[in-house]
Amino acid sequence: MAEAPSSSSAPSDPALQAVDRLETALERLFDLLEARYARLEEERVPRSEVEELSRRLDETLEKLKAALAEQGD
């Protein structure tokens, strides 16, 4: 884990230093998660495409069931 920058403005109290390090780590985690979710949004398939694919799959299954039923007769 990265240490808080040592400067004259850094708190001398160890608890405050830990709070600063925790805040910095949380900010980095937030940035990483934000970037990850942005990528996930870009990779998402639009709902209309999913619905169309679902409709086509249902049609294909119905055709397959009908063909199997004909063979069984």
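Scroll up a little and you will see the structure.
What counts and what doesn't
- Residues numbered from 1 in each chain as written.
- Predicted model: local features only at pLDDT ≥ 70, side-chain atom pairs only at ≥ 80, totals over all residues.
- Heavy atoms only, no water.
- Helix = DSSP H or I, 4+ residues; strand = E, 2+ residues; numbered from the N terminus.
- Buried < 20%, exposed > 50% of the residue type's maximum accessible area, 1.4 Å probe, protein only.
- Areas by Shrake-Rupley, 256 points an atom, 1.4 Å probe, with all protein chains shown as cover.
- Salt bridge = Lys/Arg side-chain N within 4 Å of Asp/Glu carboxyl O.
- Patch = residues over 30% accessible without salt bridge, like charges linked within 9 Å, V, L, I, M, F, W, Y side chains within 5 Å.
- Lys, Arg positive; Asp, Glu negative; His and termini not counted.
- Charge placed at Lys NZ, Arg CZ, Asp CG, Glu CD.

J.: How should the overall build of the protein be read in this particular structure?
T.: Check the secondary structure of the protein and you find two helices and zero strands. Residue burial in the protein is summarised as follows: out of 73 residues, 3% are buried. Carbon and sulfur atoms provide 57% of the accessible area of the protein, an area that totals close to 6900 Å².

J.: How do you make sense of the pattern of salt bridges when you look at a structure like this?
T.: Pairing is possible between side chains of opposite charge, provided their charged atoms come close. Throughout the structure, instances matching the rule amount to five salt bridges. Between Glu52 and Arg55 there is a salt bridge; the shortest N-O distance is 2.5 Å. On the criterion of helical spacing, the pair formed by Glu52 and Arg55 is a turn pair, its members being three residues apart in helix H2 (residues 47-72). When its relative accessible area of 37% is taken as the criterion, Arg55 is described as partly exposed. Between Lys65 and Glu62 there is a salt bridge whose closest N-O contact spans 3.8 Å. Taken together, the positions of Lys65 and Glu62, both in helix H2 and three residues apart, correspond to about one turn of that helix. Residue Glu62 is classed as partly exposed on the basis of its relative accessible area, which comes to 48%.

J.: Explain a nonpolar patch on the surface here, please?
T.: Together, Leu22, Leu26, Leu29, Leu33, Tyr37 and Leu40 give the surface a local cluster of nonpolar side chains, amounting to about 580 Å² of exposed area. With respect to the element layout, Leu22 can be found in helix H1 (residues 14-43).

J.: Can you walk me through a negative patch on the surface in this structure?
T.: Residues Glu23, Glu27, Asp31 and Glu34 make up a contiguous surface patch of negative charge. Within the fold, Glu34 resides in helix H1. On the basis of relative accessibility, which here comes to 48%, the residue Glu34 falls in the partly exposed class.

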